[in-house]
Amino acid sequence: MRIIPAIDIIDGKCVRLSKGDYNTKIIYNENPLEVAKSFEAHGIEYLHLVDLDGAKSSKIVNYKILEQIASQTKLKIDFGGGLKSDADLKIAFESGANQITGGSIAVKNRAIFEKWIAEYGSDKIILGADAKDEKVAISGWLEDSDQELVPFIQEYLSKGIQYVICTDIAKDGMLEGPSFDLYEKILAEAKGIKLIASGGISTFDELPKLGELGCEGTIIGKAIYEGRITLKQLENYILNK
């Protein structure tokens, strides 16, 4: 299972939110590049970079941070937050993203998201399926939708999507443990999906459990920043896989 630390960006700074609420913002570092370099120094190869300003304003905002990290580390970056147009996507890939994550766009403008899958390939486009009570949430979780989570994933699986990042919003940033039951259900009902678990990771012991369930990757945010999981532990996990 791939270990994918998260850097969330507001105003060019590394922050974390709780349950997607912008009012709960905590700034952990003024310099996201410094954070990314510390991940790389511990053998981490992947990074989940989220443009929270972009998610709010519905267009890419913090692409300069992406460019900086991509040009000064070897991390393979998946980038999301506010990608709504072909122009946004072009900027993200030209700025160094290996993959992009589309969430709201996959609900609100299926035609363009399906076009991206066809154009760029399913190894480049990740479906962001963020959930609240097993319904898909969008626009930086500021809006609910009536889309049922598992059928939504199944539908995009039939359109060629391979990778899905699923965050249970109720768990995100709460350090109460991930949604094992939800991930088990998705893996059982959307056969062949490469599921990346996100939200609620609080202790190192949860990682092997997610691996045993069949998750392809896991995104870890606040647990790293709060010192619940150390970079040394992650380094050892990667080395011993």
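This write-up is about the structure you can find in this document. (Residues numbered from 1 in each chain as written. Predicted model: local features only at pLDDT ≥ 70, side-chain atom pairs only at ≥ 80, totals over all residues. Heavy atoms only, no water.)

## Thoughts on the packing of aromatic side chains
Here's step 1: Under the definition given, this model contains six aromatic pairs.
Here's step 2: With centroids separated by 4.9 Å and ring planes inclined at 25°, the aromatic side chains of Phe93 and Tyr120 adopt a geometry described as stacked. Taken together, the residues span a long stretch of sequence, with Phe93 in helix 4 (residues 86-94) and Tyr120 in helix 6 (residues 110-120) at a distance of 27 residues.
Here's step 3: Both rings, one in Phe152 and one in Tyr156, keep their centres 5.4 Å apart while their planes meet at 80°; by these two values the pair is edge-to-face. Taken together, the positions of Phe152 and Tyr156, both in helix 7 (residues 149-158) and four residues apart, correspond to about one turn of that helix. Across the pair, exposure class does not vary: Phe152 and Tyr156 are buried alike.
Here's step 4: One aromatic cluster is present, built from ring pairs that chain together Phe113, Trp116, Phe152 and Tyr156.
Here's step 5: In this structure, Arg2 is placed above the aromatic ring of Tyr46, and the distance from its NZ or CZ to the ring centre is 4.6 Å.
Here's step 6: Lying across the ring of Tyr22, Lys56 places its NZ or CZ 4.2 Å from the centre. (Phe/Tyr/Trp six-rings, centres within 6.5 Å; stacked < 30°, edge-to-face > 60°. Helix = DSSP H or I, 4+ residues; strand = E, 2+ residues; numbered from the N terminus. Buried < 20%, exposed > 50% of the residue type's maximum accessible area, 1.4 Å probe, protein only. Lys NZ or Arg CZ within 6 Å of the ring centre and 35° of its normal.)

## Some thoughts on the side chain of Ser18
Here's step 1: Take Ser18: it is sitting in strand 2 (residues 13-18).
Here's step 2: Ser18 gets classed as buried once you look at its relative accessible area, which sits at 17%.
Here's step 3: Side chain to side chain, Ser18 and Lys222 meet in a polar contact 3.0 Å long.
Here's step 4: Residues in contact with Ser18, not counting those within four places in the same chain, are Thr24, Asp172, Gly173, Met174 and Lys222. (Polar contact = N/O pair within 3.5 Å; in protein donor to acceptor, adjacent residues only side chain to side chain. Contact = heavy atoms within 4.5 Å.)

## Overview of the packing of helix 7 against helix 8 (residues 180-189)
Here's step 1: Two elements in contact, helix 7 and helix 8, have axes separated by 10 Å at closest approach and are oriented at 40°. What the angle tells us is that helix 7 and helix 8 run oblique. As for the relative orientation of helix 7 and helix 8, their crossing is right-handed in sense. For the pair helix 7 and helix 8, contact is made by Leu149, Val150, Ile153 and Gln154 and by Leu182, Lys185, Ile186 and Glu189, respectively. (Axes fitted to C-alpha atoms, helices over the stretch in contact; angles between N-to-C directions. Parallel < 35°, antiparallel > 145°, perpendicular 65-115°, else oblique. Left-handed = near helix turned anticlockwise from the far one by under 90°.)

## A word on helix 9 (residues 206-213)
It helps to recall that an α-helix has 3.6 residues per turn; residues three or four apart then point in one direction.
Here's step 1: All of the buried residues along helix 9 are Glu206, Leu207 and Leu210. All buried residues of helix 9 fall inside an arc of 100° around its axis, so they share one side.
Here's step 2: Turning to helix 9, the residues buried within the fold contact strand 1 (2-10), helix 8, strand 12 (194-198), strand 13 (217-220) and helix 11 (231-239).
Here's step 3: In the stretch just after helix 9, Gly214 is the one whose phi turns positive, near 115°. (Arc of directions from axis to C-beta.)

## Comments concerning the nonpolar core
Here's step 1: Counting residues in each nonpolar core, the largest one holds 68 residues, and the members touching the most others are Ile7, Ile69, Phe113 and Ile186.
Here's step 2: When residues of this core are assigned to their parent elements, the largest contribution, five residues, is made by helix 7.
Here's step 3: Once you skip the residues sitting within four places of it in the chain, Ile7 turns out to touch Cys14, Pro32, Val35, Ala36, Phe39, Leu47, His48, Leu49, Val50, Ile69 and Tyr225. (Core = buried A, V, L, I, M, F, W, Y, C linked by side-chain atoms within 4.5 Å.)

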